[in-house]
Amino acid sequence: MTDTPIELWHAADTRSFRVLWALEEIGVGYTLHPLPFPPRAKAPDYLAVNPLGTVPAFRQGAVLMLESVAIVQYLAQRYPEAGLALGISEPEFGAWLDWLHFGEAALTFPLAIVLRYTRFEPGRADQAAEDYGRWFGARLRRVEAGLEGRDWLCADRFTGADISVGFALLLADFLGLAPRFGPNVTAYWQRLQARPGFQAAKRAQGSSLAELLAP
Ligand SMILES: N[C@@H](CCC(=O)N[C@@H](CS)C(=O)NCC(=O)O)C(=O)O
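Heads up: these notes are all about the structure in this document. Note that this is a predicted model, so its numbers are computed, not measured.

Quick look at the overall build of the protein chain
And then number 1: Scanning the protein chain for helices and strands turns up 9 helices and 4 strands.
And then number 2: Along its sequence from the N terminus, the protein chain presents helices and strands in the succession β-α-β-α-β-β-α-α-α-α-α-α-α.
And then number 3: A compact globule built from 215 residues should have a C-alpha radius of gyration of about 17 Å, and the protein chain, at 17 Å, falls within 12% of that.
And then number 4: With the principal axes as the frame, the protein chain shows a C-alpha extent of 50 × 45 × 25 Å.
And then number 5: Taken over 215 residues, the protein chain has a buried fraction of 39%.
And then number 6: Expressed as a percentage of contacts within the protein chain between residues at least 6 apart in sequence, the contacts between residues at least 24 apart total 71%.

Right, dumping it as structure tokens:
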């Protein structure tokens, strides 16, 4: 394990929450740089760290990473004693990678559109927000089925895949889409929120997306 200091640029309850949650689950130290949202508009100095202006940005020594799920995978594999990664010889290694990326590529994408049209362009495209909310609900069917008879997505233990998908549920709940959760997803969302690592990450960010978006 390396002791090279870790820095995380984070806006409350956005995709950088995945990284904060993983850091808390692992129990490794870090320096948090809290940002307003959206940082591109409200924190122009941040563009020197990430010219795209998106969060997260993560730095450990010479390593700079900008994709939340890639950072979760990096931490999970770099600190294997926390059990957040599956080894390539574990039977569900492929499923673990699939859930990791599904959480962002398939599940969070429609939510970003709902966030845009409900918070940033209200009234302009109510129908788009409604359509993407439904699209998210359809994709959630895979999570509902994947949790049948099990508490966690892979290997009967909490892993980075649960952080990836769990963040999408956090955002969906914020956007009022929890009524679209089936019984398995509803119980799973409760289990995720009960984790000490989740609660520590919530406390560590010291703010919430609702507060950041308040006028
Ligand atoms: N695929 C990237 C997406 C990063 C991203 O778009 N983050 C959002 C926050 S959830 C953001 O910073 N949006 C502000 C903007 O686009 O200016 C990841 O998973 O980290």
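Structural notes on the sheet that holds strand S3 (residues 57-60)
And then number 1: Spatially, S2-S1-S3-S4 is the arrangement adopted by the 4 strands of the open sheet, whose pairing is mixed. A strand with exactly one partner marks an edge of an open sheet, and here the two such strands are strand S2 (31-34) and strand S4 (63-65). Between one strand axis and the next, the sheet turns through 15 degrees on average, direction left out of account.
And then number 2: Where S3 meets S4, 3 bridges bridge the pair, whose relative direction is antiparallel. Bridge assignment links Arg59 to a residue of S4, and that residue is Leu64.

A look at the environment of Ala112
And then number 1: Here Ala112 shows up in helix H4 (residues 93-120).
And then number 2: Counting along the chain gives 17 residues from Ala112 to Ala129, while the straight-line C-alpha distance between them is 9.6 Å.

Here's the deal with the environment of Tyr79
And then number 1: Topologically, Tyr79 is positioned in the loop between helix H3 (68-78) and H4.
And then number 2: For Tyr79, a count of 19 C-beta atoms within 10 Å translates into the label partly exposed.
And then number 3: Through-space distance from the C-alpha of Tyr79 to that of Val28 is 8.8 Å; in sequence the pair is 51 residues apart.

About the thresholds
- Every residue gets a number counted from 1 within its own chain, in the order that chain's sequence is written.
- This being a predicted model, a pLDDT of at least 70 is required before a residue's local features are given, and a value of 80 or more before pairs of side-chain atoms are given or counted; all residues contribute to the totals for chains, interfaces and linings.
- The secondary structure listing takes helices from DSSP runs of H or I that are at least 4 residues long and strands from runs of E that are at least 2 residues long, numbered from the N terminus.
- Only the C-alpha atoms count toward the radius of gyration. The rule for a globule is 2.2 Å times the residue count to the power 0.38.
- Counts of 20 or more other C-beta atoms within 10 Å of a residue's own C-beta define buried residues, counts of 12 or fewer define exposed ones, and intermediate counts define partly exposed ones; C-beta atoms are placed from the backbone.
- Two residues qualify as a contact pair if the distance between their C-beta atoms, derived from the backbone, is within 7 Å.
- Only strands that DSSP links by at least two bridges are regarded as paired with each other.
- Axes, fitted as lines to C-alpha atoms, cover a helix only where it is in contact. Angles between the N-to-C directions of the axes lie from 0 to 180 degrees.

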